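Read off the chains here:
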Amino acid sequence: MSNLIFPFTDEHRMIRDTARDFAREKIAPIAAEFDESGEFPHETIKKMGEMGFMGIEVPEEYGGAGMDTLSYVLAEEEIAKVDAAHGVIMSVNNSLYCTGILKFGTEEQKKKYVPPVASGKAIGAYSLTEPMSGSDAGTMKSRAVRDGDSYILNGRKSWVTSGPVAEYIVVFMMTNPELHHRGVTAFLVEAGTPGFSRGKKEPKLGIRASATSELLFEDCRVPVTNRLGEEGEGFKIAMTVLDSGRIGIAAQALGIAEAAYEASVEYAREREAFGQKIGQFQGIGFKLADMKTHIEATRLLTYNAALAKQRAKTTGERFTVEAAMAKLFASETSMFVTHAAVQIHGGMGYSKELPIERYFRDAKITEIYEGTSEIQRLVIARSELGLK
Ligand SMILES: Cc1cc2nc3c(=O)[nH]c(=O)nc-3n(C[C@H](O)[C@H](O)[C@H](O)COP(=O)(O)OP(=O)(O)OC[C@H]3O[C@@H](n4cnc5c(N)ncnc54)[C@H](O)[C@@H]3O)c2cc1C
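Residues numbered from 1 in each chain as written. Predicted model: local features only at pLDDT ≥ 70, side-chain atom pairs only at ≥ 80, totals over all residues. Heavy atoms only, no water.

**Some points on the site of the ligand**
Phase 1: Taken together, 17 residues form the shell around the ligand, and within it Thr129, Ser135, Trp159, Thr161 and Thr372 come nearest.
Phase 2: For the ligand, an oxygen atom lies 2.8 Å from a polar atom in the side chain of Glu374.
Phase 3: Relative to its unbound accessible area of 970 Å², the ligand is 65% covered by the protein chains.
Phase 4: Grouping the constituent residues of the shell around the ligand by class yields eight nonpolar, six polar and three charged. (Near = heavy atom within 4 Å. Polar contact = N/O pair within 3.5 Å; in protein donor to acceptor, adjacent residues only side chain to side chain. Areas by Shrake-Rupley, 256 points an atom, 1.4 Å probe, with all protein chains shown as cover. Nonpolar A, V, L, I, M, F, W, Y, C, P; charged D, E, K, R; others polar.)

Right under this line is the structure:
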């Protein structure tokens, strides 16, 4: 349990407890099996949609639960604490897909494309990365060319979370290569559109139940009405959406770390060596103390970023740095804590009989996607130095 004294509302407690109960009852029994098979957990994700977890911050008029950012973070944390793969599917639907359409979409786009995903009836995806452009997204090769009332999309996108199952995709393509990142435009693509197909599925180290794949666009024609924002506004949209996404990933990393920590405390209380509980060895006790302190610091940064985003909804202020600091610290804490948890469990930490090795594998991705730790440091340093 957290030591945090935080002014939660009844609504916050309610969503946290509901998510916790659901994760323990419905996800915990299947998490290891889906991690092993790498299958997408359609059934539990559908149930999460029915419970309102797929569009927590989305206004009710667009099919969401109409709650605040802290509610989203608390639910994401509880789901990821039991299974990080369910956590990332949830966070992409909530943050990476819905956020951009709600902020930059037309009323028609919001009405058509948000409700199916916010209600969990369909899965959404966000497709920025390409084989040759990740951190440096402005160098993307995919092209969208205007042709009358349509755009023709061509290119290969990679590493798309939920790519194999998504019905709706926000995709970023270059419309004016000479302008580099200022020449990127965002589009809404429906999976059945001719010229759209799904490429190779990625075999992964962790979050294995979250399907990841390439997406291919071959003369894929989308109407101009499916352009999200203006031409050339795509990079701004992509980065604005990532500010929200990073708060979700911070919550995911926090959940993974908490799970690994709680299991470690329990094990240190039970396991004996040299005639005493291993928790009585200072070497183990100090590890637990550091794990706990990092987790509580992560919690503060993550909840603070959630409050900063919530405030931004009325003031319009940026929360880029709050989100970057939360994501950076949370992901590194998640790696630190899960690494220590494997050590505390000794051989059992390495065994598939316990979820500790899964937590360790799952934690690593939080340092990579939605901007690597190096990119978060760049974002924070540039802001502190007043650089563009
Ligand atoms: C499981 C998974 C799911 C993903 N889901 C999605 C998704 O849904 N949608 C999507 O668009 N993308 C997704 N991604 C892509 C992810 O966001 C990128 O992998 C990530 O941004 C890093 O890009 P890259 O892999 O090309 O690495 P690179 O950009 O090639 O980086 C390689 C290394 O160089 C470092 N580096 C790069 N630039 C700098 C710099 N300026 N200073 C210091 N170090 C630097 C990086 O930090 C990294 O350590 C996913 C990736 C994975 C693995």
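**A look at the packing of aromatic side chains**
Aromatic ring pairs: the centre-centre distance and the angle between the two ring planes describe each pair.
Phase 1: Counting across every chain of the model gives nine aromatic pairs.
Phase 2: Taken together, a centroid distance of 5.0 Å and an interplanar angle of 45 degrees make the contact between Phe6 and Phe8 tilted.
Phase 3: Among the residues examined, Phe8 registers a relative accessible area of 16% and is labelled buried.
Phase 4: Each ring, one from Phe196 and one from Phe217, has its centre 5.5 Å from the other, and the planes form 65 degrees; the classification is edge-to-face. Placement of the pair is Phe196 in strand S6 (residues 196-201) and Phe217 in strand S7 (residues 212-223), with a sequence separation of 21 residues. In this pair, the class of Phe196 matches that of Phe217, namely buried. (Phe/Tyr/Trp six-rings, centres within 6.5 Å; stacked < 30°, edge-to-face > 60°. Buried < 20%, exposed > 50% of the residue type's maximum accessible area, 1.4 Å probe, protein only. Helix = DSSP H or I, 4+ residues; strand = E, 2+ residues; numbered from the N terminus.)

**Focus on the environment of Met348**
Phase 1: With respect to the helices, strands and loops of the structure, Met348 is situated in the loop between helix H10 (320-344) and helix H11 (356-365).
Phase 2: For Met348, a relative accessible area of 30% puts it in the partly exposed group.
Phase 3: Along the primary structure Met348 and Glu266 are separated by 82 residues, whereas in three dimensions their C-alpha atoms are 13 Å apart.
Phase 4: Each residue touching Met348, except ones within four places of it in the same chain, is listed here: Tyr267, Glu353 and Leu354. (Contact = heavy atoms within 4.5 Å.)

**What about the pattern of salt bridges?**
Phase 1: Taken as a whole, this structure holds 29 salt bridges when the rule is applied.
Phase 2: When the shortest N-O distance is used, the salt bridge between Arg361 and Asp35 registers 2.7 Å. Taken as a pair, Arg361 in helix H11 and Asp35 in helix H2 (residues 31-37) lie far apart in primary sequence, 326 residues in all. Accessibility assignment for this pair places Arg361 and Asp35 in one class, buried.
Phase 3: Between Glu357 and Lys352 there is a salt bridge whose closest N-O contact spans 3.6 Å.
Phase 4: According to the relative accessible area criterion, Glu357 is buried, its value standing at 12%.
Phase 5: Among the ionic contacts, a cluster of salt bridges with common partners joins Glu77, Glu258, Lys292, Glu296 and Arg299. (Salt bridge = Lys/Arg side-chain N within 4 Å of Asp/Glu carboxyl O.)

**Re the packing of helix H5 (residues 84-104) against helix H8 (residues 234-270)**
Phase 1: Interhelical geometry of H5 versus H8 gives an angle of 155 degrees and a closest axis separation of 9 Å. The angle between H5 and H8 falls in the class roughly antiparallel. When the axes of H5 and H8 are compared, the crossing they make is right-handed. For the pair formed by H5 and H8, the contact residues are Ala84, Gly87, Val88, Ser91, Ser95, Leu96, Thr99, Gly100, Lys103 and Phe104 on the first element and Lys236, Ile237, Thr240, Val241, Leu242, Ser244, Gly245, Ile249, Gln252 and Ile256 on the second. (Axes fitted to C-alpha atoms, helices over the stretch in contact; angles between N-to-C directions. Parallel < 35°, antiparallel > 145°, perpendicular 65-115°, else oblique. Left-handed = near helix turned anticlockwise from the far one by under 90°.)

In short, geometric facts, not functional conclusions.
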